[in-house]
Amino acid sequence: MRIAVAGKGGAGKTTIAATLARLTARTGVQVVAIDADSNPNLGPALGIGAAQLAGNTHLPVSLVSRRLDGAALTTPVDDVLRSLGLPGPDGVRLLCMGAPGHAGEGCLCSAHATVSALLADLDAHRDIVAVVDMEASPEQLSRGTVRHADVLLLVSEPYFRSLETIRRLAALAAELSIPHVAVVANKLRSADDAAAIGAFCERHGLSCWSEVPFNDEVVKADLAAVPLLDVAPESGAVSAIAALATRLGEVELTL
Ligand SMILES: Nc1ncnc2c1ncn2[C@@H]1O[C@H](COP(=O)(O)OP(=O)(O)OP(=O)(O)O)[C@@H](O)[C@H]1O
Ligand SMILES: [Mg+2]
């Protein structure tokens, strides 16, 4: 299953993607976490140290072949996972999209194509769960980077501009025919927050699969640059993400 995590800047995509990836891996499933943000942060959120990340090889653009029906990998996906996957806690492997190395370098179309090709080829590996941490931009949907996702999680905070963002993203996801699109309401501080997101979802025909509370532990973990799961495994946020992982495990994939 290929799960993409999108939403407005700062909504909590990386926190949720990393925690979800590790909790899923703990159930014995093979998990690959894909950092599809050109400003990458998924490694530290998973608990992969700076030294390990420093030697990291990004998905090279030479990995992509352009076919008439879209991008595909030039190398078998197993080889890509073995050679480029960074081992992380709980057995999660991390793959990182290329990021800009220098100013004035130009666009990142080819880097995005590596993620698209990887997701396309993972279709043949239904036993692997891929969790893609996306950039805070509609571009990965307008480019079609995550067109091969089975599930798109739209992370939103309880405020209007964050909700408007997921409404726009949901419209783009519908054009890509992503089979399952679900909202993750994050940073909820009150029942009113939850009700406001619920009402928004109902108005716009969106389905909300998870309500994650605002927890100070999440902020503290981020400030200390340690994974939430390691420092606050009993927090409400982790419990909610664990429930989301269970919900995702029940998704029926169409072949
Ligand atoms: N449930 C939560 N409770 C409290 N703080 C949270 C929660 N979820 C995320 N945060 C905090 O919000 C900030 C942004 O989180 P995160 O980096 O996961 O968001 P993002 O959507 O990936 O951001 P970006 O768009 O920059 O990639 C971090 O400081 C994080 O600790
Ligand atoms: Mg992020």
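Residues numbered from 1 in each chain as written. Chains lettered and ligands numbered in written order. Predicted model: local features only at pLDDT ≥ 70, side-chain atom pairs only at ≥ 80, totals over all residues. Heavy atoms only, no water.

S.K.: Describe in detail the overall build of the protein chain, supporting the description with residues and values.
M.R.: Looking only at helices and strands, the protein chain has 11 helices and 10 strands in total. On C-alpha atoms alone, the protein chain measures out to a radius of gyration of 17 Å, which is about the 18 Å that the 2.2 N^0.38 rule sets for 255 residues. Along the three orthogonal principal directions, the C-alpha set of the protein chain runs to about 50 × 40 × 40 Å. For the protein chain, the exposed area adds up to about 11500 Å²; of that, 52% sits on carbon and sulfur atoms. Side-chain charges in the protein chain split into 20 positive and 28 negative, and the spacing between the mean points of these groups amounts to 4 Å. (Helix = DSSP H or I, 4+ residues; strand = E, 2+ residues; numbered from the N terminus. Rg over C-alpha atoms; globule rule 2.2 N^0.38 Å. Areas by Shrake-Rupley, 256 points an atom, 1.4 Å probe, with all protein chains shown as cover. Lys, Arg positive; Asp, Glu negative; His and termini not counted. Charge placed at Lys NZ, Arg CZ, Asp CG, Glu CD.)

S.K.: Give a description of the sheet that holds strand β8 (residues 151-156) that names residues and reports values.
M.R.: The mixed open sheet is built from 8 strands, whose spatial order is β5-β6-β2-β7-β1-β8-β9-β10. Edge strands, defined here as strands with exactly one partner in the open sheet, are β5 (86-87) and β10 (208-213). Its contacts with the sheet place helix α5 (residues 109-121) against β1 (2-7), β2 (30-36), β6 (93-96) and β7 (128-134), and it is angled at close to 160° to β2. Its contacts with the sheet put helix α7 (residues 160-175) on β1, β8 and β9 (180-188), and the angle it makes with β8 is roughly 165°. (Pairing = 2+ DSSP bridges. Contact = heavy atoms within 4.5 Å. Axes fitted to C-alpha atoms, helices over the stretch in contact; angles between N-to-C directions.)

S.K.: An account of the pairing of β7 is needed here, citing residue identities and associated values.
M.R.: Within β7, 7 of the 7 residues are buried, leaving the element largely enclosed by the surrounding structure. Neither face of β7 is exposed, since Ile-128, Ala-130, Val-132 and Met-134 on one face and Val-129, Val-131 and Asp-133 on the opposite face are all buried. In the sheet, β1 pairs with β7 via 4 bridges, with the strands oriented parallel. In the sheet register, Ala-4 faces β7, and the bridge partner there is Val-132. Of the pairings in the sheet, the one linking β2 to β7 comprises 7 bridges and is parallel in character. Pairing of Ala-33 across the sheet is with Val-131, part of β7. (Buried < 20%, exposed > 50% of the residue type's maximum accessible area, 1.4 Å probe, protein only.)

S.K.: Tell me about the site of ligand 1, and name the residues and values.
M.R.: The local shell around ligand 1 holds 19 residues, among which Lys-13, Thr-14, Thr-15, Lys-187 and Asp-222 are the closest. Contacts to ligand 1 include Thr-14, whose side-chain N or O atom sits 2.8 Å from an oxygen atom. Thr-15 has a polar side-chain atom sitting 2.5 Å from an oxygen atom of ligand 1. In the complex, the protein chains occlude 82% of the 630 Å² of accessible area that ligand 1 would expose alone. Residue assignment for the shell around ligand 1 shows that the elements contributing at least two residues are α1 (13-25), β9, β10 and α9 (216-223). For the shell around ligand 1, the class distribution of residues is 7 nonpolar, 7 polar and 5 charged. (Near = heavy atom within 4 Å. Polar contact = N/O pair within 3.5 Å; in protein donor to acceptor, adjacent residues only side chain to side chain. Nonpolar A, V, L, I, M, F, W, Y, C, P; charged D, E, K, R; others polar.)

S.K.: I'd love a proper account of the packing of α1 against helix α11 (residues 236-249), names of residues and values included.
M.R.: Contact geometry of α1 with α11 gives a least axis separation of 9 Å together with a crossing angle of 60°. When the axes of α1 and α11 are compared, the crossing they make is right-handed. Of α11, the residues touching α1 (which contributes Ile-16, Thr-19, Leu-20, Leu-23 and Thr-24) are Val-238, Ile-241, Ala-242, Leu-244, Ala-245 and Leu-248. Of the residues that constitute the contact of α1 with α11, the class distribution is 9 nonpolar, 2 polar and no charged. (Left-handed = near helix turned anticlockwise from the far one by under 90°.)

S.K.: A description of the nonpolar core should follow, citing residues and the corresponding values.
M.R.: Burial of nonpolar side chains together is a common tendency in soluble globular proteins. Counting residues in each nonpolar core, the largest one holds 48 residues, and the members touching the most others are Ile-34, Leu-118, Leu-122, Val-132 and Leu-152. Element by element, the count of residues in this core is highest for α5, at 6 residues. Apart from the residues lying within four places of it in its own chain, the contact partners of Leu-118 are Ile-34, Leu-59, Leu-73, Val-77, Val-80 and Leu-95. With 41 residues, the next largest nonpolar core counts Ala-17, Ala-33, Cys-96 and Leu-248 among its residues. (Core = buried A, V, L, I, M, F, W, Y, C linked by side-chain atoms within 4.5 Å.)

The analysis is restricted to geometry; functional conclusions fall outside its scope.
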